[in-house]
Amino acid sequence: MTSDHLTTRPPDHLTNLGVFLLSMAVLCLEITLTRIFSLAQWYHLAFMAVSIALLGFGASGSFLSLFPNLAKRNPTRLLVSLSVLLTLGILASYLNVNYIPFDSYRIAWDREQLLFLAIYYLFLALPFFFSGLAVGALLAAQPELAGKIYSFNLAGSAMGCLAAVVALPILGGARTVMLSALLGALAAIAFSRSPISNIQSLISSIIALALLFLTIRPPSFLEVRLSPYKGLSQALLYPEAEVVWSRWNAFSRVDVIESQGVKSAPGMSLAYPGSLPPQLGLFTDGDNLSPITQPEKLDFVDYLPVSLPYHLRPQAKALIIEPKGGLDVLVALHGGASSVVAVESNPLVIEVARDAFEDPYRDERVTVVVENGRSYVRHVEERFDIVQVSLADTYRPVTSGAYSLSENYLYTVEALVDYLAHLREGGLLVVSRWLQMPPSESLRAAALAVTALEKAGFPQPELRLVAIRSWSTLLLLVKNGEFTAGEIEMVKSFCQQRQFDLVYYPGIQEAEANRYNVLQEPLYYQGFQDLLFGDRARFYADYAYDVSPTSDDRPFFFHFFKWSQTPEILQTFGKIWQPFGGSGYFVLVALLILALLASAILILLPLLFRRRVMLPPDRQIRRSGLDGSAALTTGLAIQAEPGKQFSEWANERIRWRVFIYFAMLGLGYLFVEIPLMQHFILFLDHPVYAFAAVLFAILLFSGLGSMVSGRLPLARTLMVLIGAIVLYPLVLPFVFRLLLGQSLGLRLVVSVLSLAPLGFLMGVPFPKGVEIIGRLAPDLVPWAWGINGCTSVLASILSAMLAISFGFSRVLVGGSVAYAAALGVIYPLAGLEVGCRILTSNLQPPTSNMEL
């Protein structure tokens, strides 16, 4: 019956189903949005989708705090209405992202772009706001059932993660968004209890049918629109350029274009006299052009820097990691390699490259392995003459750390140690990177090589390195052994014939560097000399950019930002052609400030304007009924004022505890969740798998923990949780090393099971706190929901910033500190649940003060 109040009976099965579907819809949307943003815009916005979702949830709590009686006015109708609004909000947010002309390159000088960005935020937050409003209303109406409601919320969220991963390869981005909206419409039908019983149900059913049609056959205007600055967008501007192949999988969209303008040969010598053969352009997520080259007239490959190792190792047995369109495989075959193992992580890339031309992936000398390179080298025993990490990404300006957020586990100390372990005696590790001014990528690659050699136990790393550069790339060779005089002469001859510059070899003189592609100063030579022969720690500290070696705990290869760059950034802000005006890393800082301001308003505003909820008469305790004894409150012996309702009095006394407790839960939860998602990218190969698996495991088992939270002691649970969080950074690296080479299916299962205990424990503190607050001061429940949501927004941004600067392990330790602070607030209230039961059951309180 639509007139029933949720406060008079527990949610029925259809209401639970509605909560499940609603939560499933928004998590499916959240994961899909991260993929759409990675394709249509930039990595920054993909990251911000998480914080915006959390902001919407937090805003819903504040709204409920301002209007606490909202859920009591025909709650069934309210839940149906919110579900319909969520569905419409999903459609509105997607259309907004697709059609509002936000331009991150113009934001520094075009103030209109700030308005567009604000509209982005507003519309993106809408679905999460309506979802949070529905769940928050249920929690506020029945805090005693918080565990059950919260468990269905988290279980639905976990299934939403799986739904996105399964749907994206089948439906693509736009249709998966429609699927999310369809789930919202189905939630409205579930809440209405009958698909045709009233006008709301009828409207919900019509919307669901329309969305089902859009999911199956979406119109063209719903297709994802790319930023005009993405590589694919730029390539399609060339006359007669067209997309000839396009396909989604769970972690990427791969496009292939046919165009006379596709001419790609990274680092090719300017001395090459000929022209390139026909090429197709392969793009991953609308960027990172990789050529698929027609295997004819391949003399040009001998003018590429990456052909050098095949001159040094003729008839080599080669391992090439992430060859994409296959250019490096062609180089190897043309250079006389006896066999090539090509390890490519994206099956769509291999599929289209094989279909385009017979070579190189159909050559009998080539073995194709569809797997992440790190995973492959962990489970094979085979050794190679050449191990090459291909230059799989396009040139990205280093200024201001514009791509600091992207993790790359192919370029870490641990990765290079694994590569070195697969070299035969005298074998070569080959790393190619783009030139930057001042030198950055190349110096970090060299720092990685030196550190990896030392970690692997190789003495005198300076005798095992050779580096050369063209006009655009630097090639680094790392030998399993010392370079001989004959090999060095071959390197010199190779460079002289092709007009490449020597950067480093054992015994190089400054006059030998900077001869062909002349710079004002031999910066690359000087950088290698300072790195190899100076005080390395001081070099890292004094250098203009952060070029210290990255690790699996801090895998941000493209993070070169230092705070000392701030004056230069502010001087050039808006004067260089880069996303966000060249401010790069400061996008995170600005976002953190905005989130802090928004959260402060959302948390403090309800305190100023909130209307207090009066407890029913049978749940009131007044001074006159206590006969002079102290009231039961928050563990403090505080006398209630005569005639003051207990809920109002308790509200005033425990408010600061509510604030700290739920704020710390928000910080702690995200300080654990975000770094785990980033860290599991190494174990599960792709960000979307890690994102979905970690969210699925933590949310699912948090739901189970929430369901049984009423039976568990809060203080002890928090103690165990703190200990578990501290242990995880010690245990996970061991698990990763042991199982990284196993099948993806096994690793997914291990990921979920390994996170189960942590997720279970993390699900207990929130509903337990809601239950306590609901008994003492029920009007603080929605405010607590808002605090938790808003601090989660801050934590999602802050955890990413801290991980970039200090590593995942330290962020996890920060999460344990946050939970310890929550424990410190709640520990004096150990007997609070007993006191609450006394209050709500009309039992007489003790005649003396009682510390709870």
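To be clear, the structure that these remarks concern was listed above.
None of these values were measured; they are calculated from a predicted model.

> Which parts of the structure should I look at to understand the overall build of the protein chain?
Looking only at helices and strands, the protein chain has 26 helices and 12 strands in total. The proportion of buried residues among the 852 residues of the protein chain is 63%. Looking at the protein chain alone, contacts between residues at least 24 apart form 76% of all its contacts between residues at least 6 apart. Only carbon and sulfur atoms are counted for the fraction: they give 62% of the accessible area of the protein chain, which is about 31500 Å².

> How do you make sense of a nonpolar patch on the surface when you look at a structure like this?
Together, Ile199, Leu202, Ile203 and Ile206 make up an exposed nonpolar region whose accessible area comes to about 380 Å². With respect to the secondary-structure elements, Ile199 resides in helix α6 (residues 199-216).

> Any chance you could explain the side chain of Ser83 here in plain terms?
Note that Ser83 resides in helix α3 (residues 75-99). When neighbours within four sequence positions are excluded, Ser83 is seen to be in contact with Leu22, Gly184, Ala187, Ala188 and Phe191.

> What is the right way to read the sheet that holds strand β10 (residues 465-469) from this model?
Sheets are built from strands that pair by backbone hydrogen bonding, the pairs being arranged parallel or antiparallel. Ordered by their spatial adjacency, eight strands build an open sheet running β7-β6-β5-β8-β9-β11-β10-β12, and the pairing between neighbours is mixed. Edge positions in the open sheet fall to β7 (366-370) and β12 (501-504), since each of these has one partner strand only. Sheet twist, expressed as the mean angle between neighbouring strand axes with direction ignored, is 20 degrees. When β10 meets strand β11 (residues 473-479), the two strands line up antiparallel, connected through five bridges.

> What am I meant to see in unusual backbone geometry here?
The peptide bond linking Met437 to Pro438 adopts the cis configuration, its omega dihedral lying at -5 degrees. Along the chain, the position of Pro438 falls in the loop between β9 (423-434) and α13 (441-455). A positive phi angle, close to 55 degrees, is found at Asp285, a residue other than glycine. Judged by relative accessible area, Asp285 falls into the buried class, the value being 12%. Backbone geometry at Asn288 places phi at a positive 55 degrees, although glycine is not the residue there.

> Mind showing me how you'd approach the packing of aromatic side chains here?
Any pair of aromatic rings gets described here by the distance separating the centres and the angle formed by the planes. Going through the model one piece at a time under the given rule, you end up with 19 aromatic pairs. Each ring, one from Tyr504 and one from Phe528, has its centre 6.4 Å from the other, and the planes form 20 degrees; the classification is stacked. Placement of the pair is Tyr504 in strand β12 and Phe528 in helix α15 (residues 523-533), with a sequence separation of 24 residues. Each member of the pair Tyr504 and Phe528 is classed as buried. A ring pair is formed by Phe680 and Phe683, whose centres lie 6.1 Å apart and whose planes are at 80 degrees; its orientation type is edge-to-face. Remark: Phe683 and Phe680 occur in helix α19 (residues 646-684); sequence separation between them is three residues, near one turn of the helix.

> Please clarify how the pairing of strand β6 (residues 339-344) should be interpreted in this entry.
Regular strands show a simple pattern: their side chains alternate between the two faces of the sheet. Here β6 lies mainly inside the structure; five of its six residues are buried. Pairing analysis gives five bridges linking strand β5 (residues 317-321) to β6, with the strands arranged parallel. Pairing of Ile320 across the sheet is with Ala342, part of β6. Handedness of the crossover joining β5 and β6 through helix α9 (residues 327-334): right-handed. Of the strand pairs in this sheet, β6 and β7 are connected by five bridges, and their pairing is parallel. Along β7, the bridge assignment pairs Ala342 with Val368. Read as a crossover between parallel neighbours, the route from β6 over helix α10 (residues 347-356) to β7 is right-handed.

> Can you walk me through the environment of Lys263 in this structure?
With respect to the element layout, Lys263 can be found in the loop between β2 (252-258) and β3 (279-284). What makes Lys263 partly exposed here is its relative accessible area of 48%. Spatially, the C-alpha atom of Lys263 lies 8.7 Å from that of Leu280, the residues being 17 residues apart in sequence.

Reading guide: rules and limits
- Residues numbered from 1 in each chain as written.
- Predicted model: local features only at pLDDT ≥ 70, side-chain atom pairs only at ≥ 80, totals over all residues.
- Heavy atoms only, no water.
- Helix = DSSP H or I, 4+ residues; strand = E, 2+ residues; numbered from the N terminus.
- Buried < 20%, exposed > 50% of the residue type's maximum accessible area, 1.4 Å probe, protein only.
- Contact = heavy atoms within 4.5 Å.
- Areas by Shrake-Rupley, 256 points an atom, 1.4 Å probe, with all protein chains shown as cover.
- Patch = residues over 30% accessible without salt bridge, like charges linked within 9 Å, V, L, I, M, F, W, Y side chains within 5 Å.
- Salt bridge = Lys/Arg side-chain N within 4 Å of Asp/Glu carboxyl O.
- Pairing = 2+ DSSP bridges.
- Axes fitted to C-alpha atoms, helices over the stretch in contact; angles between N-to-C directions.
- Phe/Tyr/Trp six-rings, centres within 6.5 Å; stacked < 30°, edge-to-face > 60°.
- Right-handed = clockwise from strand over helix to strand, strands pointing away.

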